[in-house]
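# Inside the fold
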Amino acid sequence: MNETASSVLTIDLGAIAANYRLLAERARPAVAAAAIKADAYGLGVAPVSRTLWTEGCRDFFVATLDEAIELRGLLPESRITVLNGLIAGEPALFREYALMPALNDLGQVDEWRTDCRENGPAPAVLHLDSGMARLGLPPVELDKLAQDHSRLEGFELALIMSHLACADDPDETMSRRQRENFAAALTRLPPAPASLAASSGIFLGSDYLFDMVRPGVSLHGVNPRPGQPNPLRPVVGLQAKILQIRDVDTPQTVGYGATHRFAGPARLATLAAGYADGYLRSLSGRGTAHIGETAVPVLGRVSMDLITVDVTRVPEARPGDMVDLIGPCHDVDALAEEAGTIGYEILTSLGRRYRRHYLGSGDGEIV
Ligand SMILES: *Cc1c(COP(=O)(O)O)cnc(C)c1O
């Protein structure tokens, strides 16, 4: 099936299902929702959302209204929250597709209430800023709302949520402060289910779980606790084909900018992947690919469609062979580390050019 493909992205839906089960188990008795914004972190919202639904996930968070409308078409019965809030579109659009806005400021709270007065009650999520200063009602607006609950009348408060800024930081000072702010805010508002933790927050302890958790990246196998063993199953594999091999025996350089100079004889393989495929240019001279268990380092610059790796230690390598860019010896987190970024950016950068290969989610292989 893959003979004609220059590079293959393998997405293990069975691993996503297993990761959801593990996270849901850890979060119990809180409900495990799923954050699947940005096309399910680049892995494909259709297969990923269907896999999660089959595992019993009913609550989904996306960033934009367009993402939500697409997801509505895939999962007609699900509960969907639009994190970017009511500013993403008219209340009528949220109603038409049965979507919940995360109400991020008092203006949006008032707008939703007005719409509910005119058109009947509809559920919404209240997003409080507990210290991240990104989205959500800032403390002054929370004070106003706490003094006047009538602003929440007439609609169903489906969830009160907030988001942690430093949940993956071993120093938990900031997380504790945010948790306290959030818990204090809840006592000043009408009763409603509450949600604070995303992937990393789930591992901070049971007092962070509240009623619902919203993991995203950990579903897709990225380690929610950097530096500690990853409890989740890897989801992504990435392979690129060797297009050409050359023996270097004279002093010479490789690639744009001639940034790598060979000191002695070497074998060099050129692979069919580059920064246009999300193999980040910052991996120039730093990335590590693998043939079997042998590490083959990236030499010289990553270019748009090509990278060059040192295969001196793999004399049997041939043009047409596939090389692991992400695989059993080198996971998304390891590649992110080399690139000076985080697994989130590696996943959401994965290009459209790969042959995508979805592995079983119970009903066999979906291609
Ligand atoms: C992205 C996001 C999540 C999921 O975060 P992960 O770290 O990927 O688990 C949860 N909640 C909000 C508000 C988000 O923006």
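The structure presented is a predicted model; accordingly, all values stated were derived computationally and were not measured.

Should their charged atoms come close, side chains of opposite charge can pair. Tallying each qualifying case throughout the model produces 13 salt bridges. In the salt-bridge network here, residues are joined through shared partners; they are D277, D305 and R353.

Around the ligand, 14 residues are found, and the nearest of them are K37, Y41, S199, G216 and Y344. R214 has a polar side-chain atom sitting 3.0 Å from a nitrogen atom of the ligand. A total of 380 Å² of accessible area belongs to the ligand in isolation, and the protein chains cover 92% of it. Residue composition of the shell around the ligand, grouped by class: eight nonpolar, three polar and three charged.

Let's shift gears to helix α1 (residues 13–27). With 15 residues, α1 should cover 21 Å at 1.5 Å per step; its first-to-last C-alpha distance of 21 Å lies within 8% of that length. Judged by how many residues are buried, α1 sits mostly within the fold: 11 of 15 residues are covered. Turning to α1, its buried residues number three or more, namely L13, G14, A15, I16, A17, A18, N19, Y20, L23, A24 and A27. Considering only its buried residues, α1 is in contact with β1 (7–12), β2 (31–32), α3 (45–54), β10 (212–213) and β19 (355–359). In this structure D12 caps α1, since a side-chain oxygen of it lies 3.0 Å from the backbone nitrogen of G14.

Here we take up the domain arrangement of the protein chain. Per the domain assignment, the segments making up the protein chain are domain 1 (33–220) and domain 2 (236–366). The distance between the C-alpha centroids of domain 1 and domain 2 comes to 38 Å. Contacts between the two partners involve 10 residues from domain 1 and, on the opposite side, nine residues from domain 2. When the two sides are added together, the surface that domain 1 and domain 2 hide from each other amounts to roughly 820 Å², 65% of it contributed by carbon and sulfur. The three residues of domain 1 that bury the most area against domain 2 are Y41, L43 and V217, which together make up 49% of that side's buried surface. One can count one salt bridge joining domain 1 with domain 2. As a salt-bridge pair, R352 and D39 come within 3.6 Å of each other at their nearest N and O atoms. Counting across the interface, domain 1 meets domain 2 through three residue pairs in polar contact (both at pLDDT 80 or more). Where the side of domain 1 that touches domain 2 is concerned, the elements lending two or more residues are α2 (37–41) and α3. Of all the elements, α2 adds the most residues to the side of domain 1 that touches domain 2, at three residues. Looking at the side of domain 1 that touches domain 2, its residues break down into five nonpolar, four polar and one charged.

Conventions and cut-offs
- Residues numbered from 1 in each chain as written.
- Predicted model: local features only at pLDDT ≥ 70, side-chain atom pairs only at ≥ 80, totals over all residues.
- Heavy atoms only, no water.
- Salt bridge = Lys/Arg side-chain N within 4 Å of Asp/Glu carboxyl O.
- Near = heavy atom within 4 Å.
- Polar contact = N/O pair within 3.5 Å; in protein donor to acceptor, adjacent residues only side chain to side chain.
- Areas by Shrake-Rupley, 256 points an atom, 1.4 Å probe, with all protein chains shown as cover.
- Nonpolar A, V, L, I, M, F, W, Y, C, P; charged D, E, K, R; others polar.
- Helix = DSSP H or I, 4+ residues; strand = E, 2+ residues; numbered from the N terminus.
- Expected span 1.5 Å × (residues − 1).
- Buried < 20%, exposed > 50% of the residue type's maximum accessible area, 1.4 Å probe, protein only.
- Contact = heavy atoms within 4.5 Å.
- Domains from an automatic or database assignment.
- Buried area = accessible area lost by both parts, 1.4 Å probe.

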